[in-house]
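# Per-entry structural report
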Amino acid sequence: MQWDPAQYLRYADERLRPALDLMARVPLATPARVVDLGCGPGNVTAILKQRWPEAAVTGVDSSPEMLGKAAASVPECRFELGDFGTWMPEIAPDLIYSNAALHWLGGHDTLFPRLLSLLSKGGVLAVQMPGMHAAPLRALQHEVAASGPWAAALADVGFARPILEPGAYWDLLRPRCTALDMWETTYMHALQGDNAAVQWAIGTSLKPFLDRLTPELREGYLAAYSKAMAGPYPRRADGSTLLPFRRVFMVATV
Ligand SMILES: C[S@@+](CC[C@H](N)C(=O)[O-])C[C@H]1O[C@@H](n2cnc3c(N)ncnc32)[C@H](O)[C@@H]1O
């Protein structure tokens, strides 16, 4: 999928908050090597470098568009093309940090143990992922996709997969680490602007759907999705659109 860094960063403040909440819980004072896995446009990578200025910080991502933006804006970090499923560090990192990224790949029962196995002794895997597959934001993408002239084009669309239940991550990680900290939060994002919840989705989960469509079908699909979204995400009297957004966090020390 081709990412659009500018659209993704439209709600940069809201997207940054869980990244900082995750970083705050990383129990490392002076890691030598830090990897930002699924680093996107690099704004969080830059903050990792600010928190641990002595560390070598590397951002890894499979999107050349995102890496291009990251390399241009964060020259103090290194960026490399890589896929979660196959990426191998040359030297074991002390921290693998991944914010809002690992849900784009399935197979977590093998991916998570593999990431733990790549860490140095005492190293930390810190992960945040959205748990939104049951929310209207995501459910309506599929519902609207199934009926309309775009249905055939969207029949087998790839999308960010449902994550596992928190207990399943606990069972997967706990036997492989010495300490595990897990929590979940539902943020009440107060989005500004027209059609704000749809604009949010266009930056991430809706993108695989839109990428499949011709301009004409895209317009029709977006109009139908926007109409359906107005029910669960109305604009409030002050102009904000409230988007409840559930996120699951885990910090595992090996
Ligand atoms: C929603 S963005 C998150 C970016 C950043 N971590 C942040 O907090 O803003 C998800 C990123 O994961 C990357 N990504 C998705 N699937 C990937 C994969 N299989 N391997 C590597 N990167 C992937 C995307 O290219 C995208 O930049």
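Here's what I pulled together on the structure shown here. (Residues numbered from 1 in each chain as written. Predicted model: local features only at pLDDT ≥ 70, side-chain atom pairs only at ≥ 80, totals over all residues.)

## Focus on the overall build of the protein
- What the protein contains, in helices and strands, is ten helices and seven strands.
- Its C-alpha atoms give the protein a radius of gyration of 19 Å, within 12% of the compact-globule value 18 Å for 254 residues.
- With respect to the three principal axes, the spread of C-alpha positions in the protein is 55 × 40 × 40 Å.
- Across the 254 residues of the protein, 37% fall into the buried class. (Helix = DSSP H or I, 4+ residues; strand = E, 2+ residues; numbered from the N terminus. Rg over C-alpha atoms; globule rule 2.2 N^0.38 Å. Buried ≥ 20, exposed ≤ 12 C-beta atoms within 10 Å, placed from the backbone.)

## Description of the pairing of strand S4 (residues 95-99)
- For S4, the tally of buried residues reaches five of five residues, placing the bulk of the element in the interior.
- Side chains of S4 alternate between two faces, with Leu95, Tyr97 and Asn99 and Ile96 and Ser98 buried alike.
- Across three bridges, strand S1 (residues 33-37) lies against S4 in parallel orientation. Residue pairing in the sheet places valine 34 in a bridge with leucine 95 of S4.
- Direction of pairing for S4 relative to strand S5 (residues 124-130): parallel, over a ladder of five bridges. Directly across from asparagine 99, in S5, lies its bridge partner glutamine 128.
- Read as a crossover between parallel neighbours, the route from S4 over helix H5 (residues 108-117) to S5 is right-handed. (Pairing = 2+ DSSP bridges. Right-handed = clockwise from strand over helix to strand, strands pointing away.)

## Re the environment of valine 35
- As for its position among the elements, valine 35 is in strand S1.
- For valine 35, a count of 28 C-beta atoms within 10 Å translates into the label buried.
- Spatially, the C-alpha atom of valine 35 lies 8.4 Å from that of alanine 56, the residues being 21 residues apart in sequence.

## What about the sheet that holds strand S3 (residues 78-81)?
- Strand order in the open sheet made by the seven strands is S3-S2-S1-S4-S5-S7-S6, with mixed pairing throughout. Only two strands of the sheet have a single neighbouring strand rather than two, namely S3 and strand S6 (179-191). Sheet twist, expressed as the average angle between the axes of neighbouring strands with direction ignored, equals 20°.
- Taken together, the 13 bridges between S6 and strand S7 (residues 241-253) define a ladder with antiparallel strand orientation. Following the sheet pairing, alanine 179 is matched in S7 by threonine 253. (Axes fitted to C-alpha atoms, helices over the stretch in contact; angles between N-to-C directions.)

## Quick word on the environment of leucine 9
- Of note, leucine 9 is situated in the loop between helix H1 (5-8) and helix H2 (12-24).
- Taking C-alpha positions, leucine 9 is 8.2 Å from proline 41, a pair spaced 32 residues apart along the chain.

## Brief notes about the pairing of strand S2 (residues 56-61)
- Taking burial as the measure, the six residues of S2 include five buried ones, the bulk of the element.
- Relative to S2, S1 is paired through five bridges, and the arrangement is parallel. Bridge pairing links valine 34 to valine 57 in S2.
- In this view, the connection linking S1 to its parallel neighbour S2 by way of helix H3 (residues 43-51) has right-handed handedness.
- Both S2 and S3 contribute to a ladder of four bridges, which runs parallel. Bridging from a neighbouring strand, aspartate 61 pairs with leucine 81 of S3.
- Taken together, S2, helix H4 (residues 64-73) and S3 constitute a β-α-β crossover, and its handedness is right-handed.

## Details of the nonpolar core
- Counting residues in hydrophobic clusters, the biggest one holds 42 residues, and the most contacted among them are Val34, Leu95, Ile96, Tyr97, Leu125 and Ala126.
- For this core, the element with the most residues is S5, which contributes five residues.
- Sequence-distant contacts of alanine 126, that is, excluding residues within four places in its chain, are made with Leu22, Val26, Leu95, Tyr97 and Val251.
- Counting residues in hydrophobic clusters, the runner-up holds 22 residues, among them Leu137, Leu191, Tyr221 and Phe245. (Core = buried A, V, L, I, M, F, W, Y, C linked by C-beta atoms within 7 Å. Contact = placed C-beta atoms within 7 Å.)

## Some words on the packing of helix H6 (residues 136-146) against helix H10 (residues 215-230)
- For the pair H6 and H10, interaxial distance at closest approach is 10 Å and the crossing angle is 130°. When the axis of H6 is compared with that of H10, the two are oblique. Remark: the crossing between H6 and H10 carries right-handed chirality. Between H6 and H10, the residues in contact are Leu140, Gln141 and Val144 and Tyr221, Ala224, Tyr225, Ala228 and Met229, respectively.
- For the contact of H6 with H10, the per-class residue count stands at seven nonpolar, one polar and no charged. (Parallel < 35°, antiparallel > 145°, perpendicular 65-115°, else oblique. Left-handed = near helix turned anticlockwise from the far one by under 90°. Nonpolar A, V, L, I, M, F, W, Y, C, P; charged D, E, K, R; others polar.)

Keep in mind these values describe shape, not function.
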